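Letter by letter, the chains look like this.
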Amino acid sequence: MKNLPLVVDVVVPLWSPPLGDEKFKRFNVEYIVRNNISENNYRFELVESSAGGGGKLLSAAFFTRKGDPCAVNAWYEKASSAFPPTLRHASDMSRTYLTLMDERTLALMNDDDIKLSLFVSREAGAGREILERTSSLLCKEGWKNLYLWTDCDCNWQWYSKHGFELVQEDSYEPFSSEQEDYKTYIYRKKL
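Throughout this document, residue positions are counted from 1 along each chain, in the order its sequence is written. Local features are withheld for residues below a pLDDT of 70 in this predicted model, meaning they are given only at 70 or higher, and side-chain atom pairs are given and counted only at 80 or more; totals for whole chains, interfaces and linings count all residues. Hydrogens and water molecules were not included; the side-chain quantities draw on all heavy atoms of the structure.

Participant: Before we move on, could you go through the pattern of salt bridges and cite the residues and values that matter?
Facilitator: Whenever a carboxyl oxygen of Asp or Glu lies within 4 Å of a side-chain nitrogen of Lys or Arg, that contact is scored as a salt bridge. Throughout the structure, instances matching the rule amount to 13 salt bridges. Notably, a salt bridge pairs Arg65 with Asp68, separated by 2.9 Å at the nearest N-O pair. Accessibility expressed as a relative area gives 27% for Arg65, which makes it partly exposed. We note a salt bridge from Arg128 to Glu132, for which the minimum N-O separation is 3.4 Å. Taken together, the positions of Arg128 and Glu132, both in helix H5 (residues 126–140) and four residues apart, correspond to about one turn of that helix. Residues joined in a network through salt bridges with shared partners are Glu77, Asp92 and Arg95. Between buried and exposed lies partly exposed: a residue is buried under 20% and exposed over 50% of the maximum accessible area for its type, with that area taken using a 1.4 Å probe on protein chains only. Helix and strand labels come from DSSP, where a helix needs a run of H or I of at least four residues and a strand needs a run of E of at least two; each type is numbered from the N terminus.

Spelled out as structure tokens, the structure:
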């Protein structure tokens with residue numbers, strides 16, 4: 001969690017809502033990141049080695065098992081009170097979407113499957129490396145499949161190129177427009 005601000009820094013330009021000031025945008029993105037961090041020991045960082053041991057964060061990955069709790073709601077209630085109702089409504093739309101996609105993904109999983117909740121890379125190749133390392137570790141622990149969900153705002157094609165199988169594709173109507181469907185994707189990879 002000490003590197004949470006760095007993880008948020010990476011995704012603020014990608015996941016910021018189209019309204020609100022920089023403080024609100026950062027709050028909204030921090031909620032998304034915190035929503036994907038469960039209360040478990042499946043949090044990993046890939047750090048550049050350095051002589052002093054305090055290397056630069058290259059990537060991070062967070063995993064969730066069925067039933068893992070997440071402490072984000074208490075944080076959200078307190079932090080969101082600083083914003084007017086119109087902005088809280090925009091964040092509530094994100095919360096609804098994230099909850100729905102997590103529920104859809106968890107419904108496909110067995111008890112011996114694990115979900116990649118979030119992974120962020122700050123350096124080219126570091127995302128692939130952390131996923132390879134953590135996948136190997138998870139397999140050794142007995143996990144059978146790795147699930148994840150993503151959407152058309154992310155680099156969803158990356159997963160098919162790296163051994164993930166598309167198991168569900170849908171459109172999310174509240175974020176769709178007349179011109180374009182907002183696509184969501186659930187992937188699985190055998191560990």
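Participant: An account of the nonpolar core is requested, with residue identities and associated values reported.
Facilitator: Within soluble globular proteins, side chains that are nonpolar tend to cluster in buried spots. Each nonpolar core is a collection of buried residues, namely Ala, Val, Leu, Ile, Met, Phe, Trp, Tyr and Cys, held together in the definition by side-chain atoms within 4.5 Å. Core analysis: the biggest nonpolar cluster contains 22 residues, and Phe63, Ile114, Leu116 and Phe119 have the highest contact counts within it. Considering each element in turn, this core owes the most residues, four residues, to H5. With near-sequence residues (within four places) excluded, Phe63 lies in contact with Ser38, Asn40, Tyr42, Phe44, Ile114, Lys115, Leu116, Ser117, Thr134, Leu138 and Leu146. Residue contacts are counted whenever heavy atoms from the two residues lie within 4.5 Å of one another.

Participant: Describe in detail the state of the cysteines, supporting the description with residues and values.
Facilitator: When two cysteine sulfur atoms are found within 2.5 Å, that pair is recorded as a disulfide. Counting across every chain of the model gives zero disulfides. Between Cys152, a cysteine without a disulfide, and Cys154, which holds the nearest cysteine sulfur, the sulfur-to-sulfur distance is 8.6 Å. A relative accessible area of 30% means that Cys152 is categorised as partly exposed.

Participant: Just give me the short version of helix H4 (residues 85–108), but keep the residues and values in it.
Facilitator: The span one expects for a helix is its residue count, reduced by one, times 1.5 Å. Between its first and last C-alpha, H4 extends 35 Å over 24 residues, near the 34 Å set by a 1.5 Å rise per residue. Listing the buried residues of H4 in full gives Leu87, Ala90, Ser91, Ser94, Arg95, Tyr97, Leu98, Met101, Asp102 and Thr105. Close packing links the buried residues of H4 with helix H2 (22–35), helix H3 (72–80), strand E3 (114–121), strand E4 (145–151) and strand E6 (183–190).

Participant: Could you give an account of the environment of Lys144, with specific residues and numbers?
Facilitator: Within the secondary structure, Lys144 is located in the loop between H5 and E4. In sequence terms Lys144 and Lys190 are 46 residues apart; their C-alpha atoms lie 6.1 Å from each other.

Participant: Tell me about the sheet that holds strand E5 (residues 165–171), residues and numbers included.
Facilitator: We call two strands paired when DSSP finds no fewer than two bridges between them. Taken in spatial order, the six strands line up as E1-E2-E3-E4-E6-E5 in an open sheet, and their pairing is mixed. Looking at which strands have only one partner, the edges of the open sheet turn out to be strand E1 (43–47) and E5. The mean inter-strand angle of the sheet, taken between neighbouring strand axes irrespective of direction, is 25°. Pairing of E1 with strand E2 (residues 57–64), which is carried by five bridges, proceeds in the antiparallel orientation. Within E2, the position partnered with Val47 by the bridge is Leu57. The sheet strands contacting helix H1 (residues 4–15) are E2 and E3, and the helix crosses E3 at an angle near 85°. Throughout, an axis means a line fitted to C-alpha atoms (over the contacting stretch in the case of helices), and angles, computed between N-to-C directions, take values from 0 to 180 degrees. Relative to the sheet, H4 contacts E3, E4, E5 and E6, its axis offset from that of E4 by approximately 150°.

Participant: Tell me about the side chain of Asn35, residues and numbers included.
Facilitator: Within the secondary structure, Asn35 is located in helix H2. Side-chain atoms alone can form a polar contact between residues adjacent in sequence; in general such a contact is a pair of N or O atoms within 3.5 Å, and within protein one must be able to donate a hydrogen while the other accepts it. Reaching out from Asn35, the side chain makes a polar contact with the side chain of Asp102 at a distance of 3.5 Å. With residues up to four places along the chain from it excluded, the contact list for Asn35 reads Cys70, Val72, Leu98 and Asp102.

Participant: Give a description of the pairing of E4 that names residues and reports values.
Facilitator: Among the seven residues of E4, seven are classified as buried, and the element is accordingly described as predominantly covered. Burial of E4 is two-sided: the residues Asn145, Tyr147, Trp149 and Asp151 facing one way and the residues Leu146, Leu148 and Thr150 facing the other way are all buried. Of the pairings in the sheet, the one linking E3 to E4 comprises two bridges and is parallel in character. By the bridge assignment for E4, Lys115 is matched with Tyr147. Note on handedness: a clockwise path from strand one over the helix to strand two, with the strands aimed away from the viewer, defines a right-handed crossover. In this view, the connection linking E3 to its parallel neighbour E4 by way of H5 has right-handed handedness.

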